[in-house]
Amino acid sequence: MDFNMKKLASDAGVFFSRAMQFTEEKLGQAEKTELDAHFENLLARADSTKNWTEKILRQTEVLLQPNPSARVEEFLYEKLDRKVPSRVTNGELLAQYMTEAANDFGPGTPYGKTLIKVGETQRRLGAAEREFIHSASINFLTPLRNFLEGDWRTISKERRILQNRRLDLDACKARLKKAKAAEAKAAAVPDFQETRPRNYVLSASASALWNDEVEKAEHELRLTQTEFDRQAEVTRLLLEGISSTHVNHLRCLHEFVESQTNYYAQCYQYMLDLQKQLGRFSGTFIGNPDSTSSPAAATSPPAVSAATVPTVPTIPVVPTVVGVPNTLAEGVLNPNEVKPPASGTRKARVLYDYEAADSTELALLADEMITVYSLPGMDPDWLIGERGNQKGKVPVTYLELLS
C-alpha cells in the first residue's frame, strides 16, 4: 500500500510538472524544444493522411449505402461483433413489386409481359449492386478502417508519449537553469563588513546545497534527454511507415475502381439487353392489342352515338401521318416503302455491333459510318439507318451522331 501511495504521489508530481510546463509555454514564459523540419513534415503528412482517409471512408460508405439508418444499424452490428443481416437491395425490391404487379394485371398481357422483363432486369441489377458493395467493402473500406483503428491509434499513442517526454525534458531544462542561477547567486562574495560573520558560513552552505541541486538536475536532464531521443526515434519510424500505408491504399483504390467498373459494365449490358428486347416488340405497345380492325379503321372510326361509347378508356392509337406508310404506325417497318426526307439526314458512327432482330432492322458493325434520319410518329429511341442499298431501323444508343 505504501508503494502504491508513493507511486501515486510521484505520478501526481509528474502530471503537475507537465501541466505547469505546458501552461508556461502557452503563455510564452518557458522555452520549448522544437522538433526538426523533417519530423514536423512527417507529422503534418500523417495528420493529412488521417483526415482525408476518414473523409474518403465516410463518403464511400454513403455511396455504398445512402440510407443513414441502415449505416447506423451496420455500425452497431459491427461493434457488437455480430453478422450484419442480409438486406434486400432497392433493385431487388422493385423487381419483386413489378413481378407481383404483372401477376395481378395478367402475365399474358403486354403490360404484364413488359413488367416481368423489366423486373427480371431490375433483379439482376440488384444482384450486381450487392456484389459490388460486398467487393468494395472488403477490398477498399476494410483497409481504410484498419488503418484508422490500428496503425493510426498506435501512432497517436506514441505521439502522446513523445509529447510527455518533451514536456519532461523542457521542465528539467527549466529546473537546471533555475538551479544554476541560484547557485551563482549563493556563490557571490559575502559582505565581510557585516557585524555577523555567520552570513559567510550560511552563504557557503547554501552554495554547496545549490551545487548538489545542479548536479541532480543535470543527471535528470541526461536521463530525460535519452528517453526523449528514444521515443522520438520510435515515433519517427511509425510516421515514415505512412508511405507504406499510401502504397497499400493505392492498391486498394485500384481494386475499388475495378469493382466499380465491372459493376457499371454489368448494369450497362443488362439495360442494353432489356432495351433490345423491348425494341423488338415495339409494335405491341401501339394500339389496342385486342383490336382486330385495320389501321385505317383505327384512325377513322365510324360515327357512334353517345350511348354506345364504352366507359373503359382504350390505349390511344398512333395516327397515320401523311406521307408515311401505315405499316410504320403499327410499329412494322417495310424498308421498301420508306423514303428519306428531303432534309434532316445525318451521318452517324456505330459504337457497338448490333444484330438485327428481324427484317425491319439493320445489322450494324462497330466503327462503320451510316446515314440516319427520323420519320414522324417514330419511336424516339430508334432511327432509320441506310448503308448503301440496305436500310432498316437502328437503336439510337448504338450510334454517335456526327452531323
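Residues numbered from 1 in each chain as written. Predicted model: local features only at pLDDT ≥ 70, side-chain atom pairs only at ≥ 80, totals over all residues. Heavy atoms only, no water.

Caption draft 1: Here's a closer look at the environment of Ala95. Relative to the helices and strands, Ala95 is located in helix α4 (residues 90–105). By relative accessible area, Ala95 is classed as buried at 5%. C-alpha separation for the pair Ala95 and Gly119, spaced 24 residues apart in sequence, amounts to 4.0 Å. Residues contacting Ala95, with those up to four places away along its chain left out, are Gly119, Gln122 and Arg123. (Helix = DSSP H or I, 4+ residues; strand = E, 2+ residues; numbered from the N terminus. Buried < 20%, exposed > 50% of the residue type's maximum accessible area, 1.4 Å probe, protein only. Contact = heavy atoms within 4.5 Å.)

Caption draft 2: Up close: the pairing of strand β4 (residues 390–395). Relative to β4, strand β3 (residues 382–387) is paired through six bridges, and the arrangement is antiparallel. Considered in β4, the bridge of Arg387 is made with Gln390. Where β3 folds back on β4, the antiparallel hairpin that results is connected by two residues, among which Gly388 adopts a positive phi of roughly 65°. (Pairing = 2+ DSSP bridges.)

Caption draft 3: The arrangement of the packing of aromatic side chains in detail. Applying the stated criterion to the full structure yields nine aromatic pairs. Judged by centre distance (5.0 Å) and plane angle (5°), the rings of Phe132 and Tyr263 are stacked. Note that Phe132 is positioned in helix α5 (residues 110–186) and Tyr263 in helix α7 (residues 242–280), a separation of 131 residues in sequence. Tyr263 carries the same exposure label as Phe132, and that label is buried. (Phe/Tyr/Trp six-rings, centres within 6.5 Å; stacked < 30°, edge-to-face > 60°.)

Caption draft 4: Highlighting the pattern of salt bridges. For the structure shown, the criterion picks out 16 salt bridges. Arg166 is the salt-bridge partner of Asp170, the closest N and O atoms lying 2.6 Å from each other. Of this pair, Asp170 and Arg166 both sit in helix α5, separated by four residues, roughly a single helical turn. This pair shows no difference in class: Asp170 is buried, exactly as Arg166 is. (Salt bridge = Lys/Arg side-chain N within 4 Å of Asp/Glu carboxyl O.)

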